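# Structural description and commentary
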Amino acid sequence: MRLTKWLIGEASFYAAVVTLVTFAAFPFYWMLITTFKTDGDLYNLKSNPYWFNAAPTLEHLRYLFNETLFLQWLYNSAIIGVCVVVITLLVALPAGYSLARMSGRGAESLGIGIFLTYLVPPTLLFLPLSRVVSVLGLQDSLWSLVLVYPTFTIPFCTWLFMGFFKSVPREIEEAAIVDGCTAVGAFVKTVLPLSVPGILTVVIFAFTLTMQEFVYALTFISSSDEKPVTLGVATDLVRGDIFYWGELMAAALIASVPVAIAYNLFLDRFISGITGGAVK
Amino acid sequence: MATITTDVMPRRRRPRYLLDRVDVIGPLFIAPAIIYVLVLVALPFFLALYYSVSAFTIFDPSYRFVGFSNFLDVMKSEIFRRTLINTFVFTIGAQVIGLLLGKFAAMLLMKEFPGRGLARALVVLPWAVPVSLATLAWQWMFDSLYSVINWTLVAIGLLNPETHLQWLGQQDLAMLAVTVVHAWRLFPFGVVIFIAGFTSVPKDVLDAATVDGAGFWRRNYQIILPIIAPIVVIALIFGTVFTFTDLSVVYLLTKGGPMNGTQVLGSLAFQVGIMSGDVAHGAVICLFLFPFLLIAVVVFLRALRRREI
């Protein structure tokens, strides 16, 4: 009697977990299976769509890499990501340190103020920014995104850095200063080496944030060869009214995998950042 | 010997002296961040304010002042009213589904079981993957002819094979579709927030309550919820802001259609301001987001303060 009750409990628990995971991950299974199906198999109303009814094919991948700008888009995304990460580090690293070491309510308000700009959505600013971008002559160029993306990476990363630096004891720098370092020297020589994990987290996050952005890219860039991968796949693999689903899903899958892995690895730090260090 | 010291010291001391002063370094270090934000967030915002009271279009870039007539035009428009309602339905719907699913999933994933790490990684996917790519998969799943959802519904006998549900082609279904897709995207965020919250509840408090006879629901709503409330509020605000201002999901799935049936503020502003080039009216539509953002910020700050106490 007890055993049956236990079995029912376990079974319903696992059923709930499986349902949940299916809901979350099914679209990715769908990308995967679509990537390797032949067109004849994909566009057949009679056959079971969940599994292969014809031999799997690499044709969609071949087409994607040889006949489309997919590699160019990946390359563009990488350029944008790397440049934005560099700008973000240069600006947010000293800002986070400054906020961590400044005392008083002013510093705290300033920190919160900078963080709040992370809440300002692209939807509010894409119209004026598209004018700014075209005045600067950056329209249709990926450099417009390199310019604009730091507006959301800097606030968030400054906030993350502030948290990291607060956890580094002040005494370490003071010791370095007593030993003859300048305050800046002490920061570079003692605090930075201790913050490598924090810096790594910020690098990953700034990069994934640039990968996830869509609105600014859609607004600023219309030439195919300047697009980042998230935009190019969504807009340029559709010819006229015809969707090339095999290629589309292959492209979406390939571009998603690295972002998903990076995100999962650094998730906990991201959460403690977003809750303002509420959870340690 | 004496000449060397007098020669070298003054040259080296001054910059050292400046770099030693915390009151100099502090502002110097934070200035670039503030300038970046001012130039590329605050300035565009004021530009948007200005566009909203001018007659600016990309075909006639004049900054002629027209007062509040743009606002009146927008508020009088039937499409705009429809859009406003859609935006609220979309936001509230996605939030409620996302939160409920998030809490439920977090409670499941709190338990130790084999494969928990993998389950968590898979559940987080919708939030981690770039929105435009994930939405493409849904677009394919909602395909008018080869929709796997329809196929499944027919296969388990819930749907007559003759009726082809047009998930993105009928107004009510399309609204349901964009809301569910956004909730799908959002709920993993709820999951991780709730897990973080649950782990922060001290075990002894729970044990004490159990000893005192508090049941499952009582523990849930009178002990756990008040403790994790500030974090949940912060998460809720992020979720609400991201949903309320979203344009990617709607743009990619339906472009606001059919017949503006799924138009939300973001997608309408894009259509008016970018596609039709009417920057002034587009700016007005965007500015309707602002009061809600302001409320969100106020609630956020209060939650942040409560957390510190």
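If you're wondering where the values come from, they're calculated on a predicted model, not measured in any experiment. (Residues numbered from 1 in each chain as written. Chains lettered and ligands numbered in written order. Predicted model: local features only at pLDDT ≥ 70, side-chain atom pairs only at ≥ 80, totals over all residues.)

What follows covers the overall build of chain A. The number of helices and strands found in chain A is 15 helices and two strands. The principal-axis extents of the C-alpha atoms in chain A amount to approximately 80 × 70 × 35 Å. Among the 280 residues that make up chain A, the fraction classed as buried is 45%. Here the analysis covers contacts within chain A between residues at least 6 apart in sequence; of these, 73% occur between residues at least 24 apart. (Helix = DSSP H or I, 4+ residues; strand = E, 2+ residues; numbered from the N terminus. Buried ≥ 20, exposed ≤ 12 C-beta atoms within 10 Å, placed from the backbone. Contact = placed C-beta atoms within 7 Å.)

Let us look at the interface of chain B and chain A. Taken residue by residue, the interface counts 72 residues in chain B and 72 residues in chain A. Looking at the side of chain B that touches chain A element by element, the count peaks at 16 residues for helix 2 (residues 22–52) of chain B. For the side of chain B that touches chain A, the per-class residue count stands at 61 nonpolar, eight polar and three charged. (Nonpolar A, V, L, I, M, F, W, Y, C, P; charged D, E, K, R; others polar.)

Attention now goes to the nonpolar core. Core analysis: the biggest nonpolar cluster contains 164 residues, and A:Phe161, A:Val233, A:Ala252, B:Val123 and B:Ala137 have the highest contact counts within it. In terms of residue count, helix 8 (residues 171–200) of chain B provides more of this core than any other element does, 15 residues in total. B:Val123 has contacts with A:Leu20, A:Val21, A:Ala24, B:Ala105, B:Leu109, B:Pro188 and B:Val191, leaving out every residue within four places of it along the chain. (Core = buried A, V, L, I, M, F, W, Y, C linked by C-beta atoms within 7 Å.)

Residues and elements named next belong to chain B. With 30 residues, helix 8 extends 43 Å from end C-alpha to end C-alpha; this agrees with the ideal 44 Å at 1.5 Å per step. The largest bend in helix 8 amounts to roughly 30 degrees and is located at Leu-186, with the proline Pro-188 lying one to four residues further along. The buried count for helix 8 comes to 21 of 30 residues, which makes it a mostly enclosed element. (Expected span 1.5 Å × (residues − 1). Bend = angle between axes of the 7 residues up to and from the residue.)

To continue, consider the packing of helix 11 (residues 196–212) of chain A against helix 14 (residues 245–265) of chain A. Describing two packed helices takes the angle between their axes plus the distance from one axis to the other. All names here are of chain A. In contact at an axis separation of 10 Å, helix 11 and helix 14 are set at 140 degrees when each is read in the N-to-C sense. Comparing the axis directions of helix 11 and helix 14 gives the class oblique. The handedness of the crossing between helix 11 and helix 14 is left-handed. For the pair helix 11 and helix 14, the contacting residues are Ile-204, Thr-208 and Met-211 in the first and Val-259, Ala-262 and Tyr-263 in the second. (Axes fitted to C-alpha atoms, helices over the stretch in contact; angles between N-to-C directions. Parallel < 35°, antiparallel > 145°, perpendicular 65-115°, else oblique. Left-handed = near helix turned anticlockwise from the far one by under 90°.)

As a further point, take the domain arrangement of chain A. As a measure of interface size, the accessible area lost when the parts come together is often cited. Residue and element names in this part refer to chain A. In terms of domains, chain A is made up of domain 1 (2–57) and domain 2 (69–274). Mapped onto the side of domain 1 that touches domain 2, the elements with two or more residues apiece are helix 1 (2–35) and helix 2 (39–42). In terms of residue count, the dominant contributor to the side of domain 1 that touches domain 2 is helix 1 (four residues). (Domains from an automatic or database assignment.)

A separate point is the confidence of the model for chain A. On average, residues of chain A score 86 in pLDDT, and 94% of them reach the 70 mark or higher. Within chain A, no element has a lower average pLDDT than helix 15 (residues 267–274) of chain A, which sits at 67, and none a higher one than helix 7 (residues 142–148) of chain A, at 94. (pLDDT = per-residue confidence, 0-100.)

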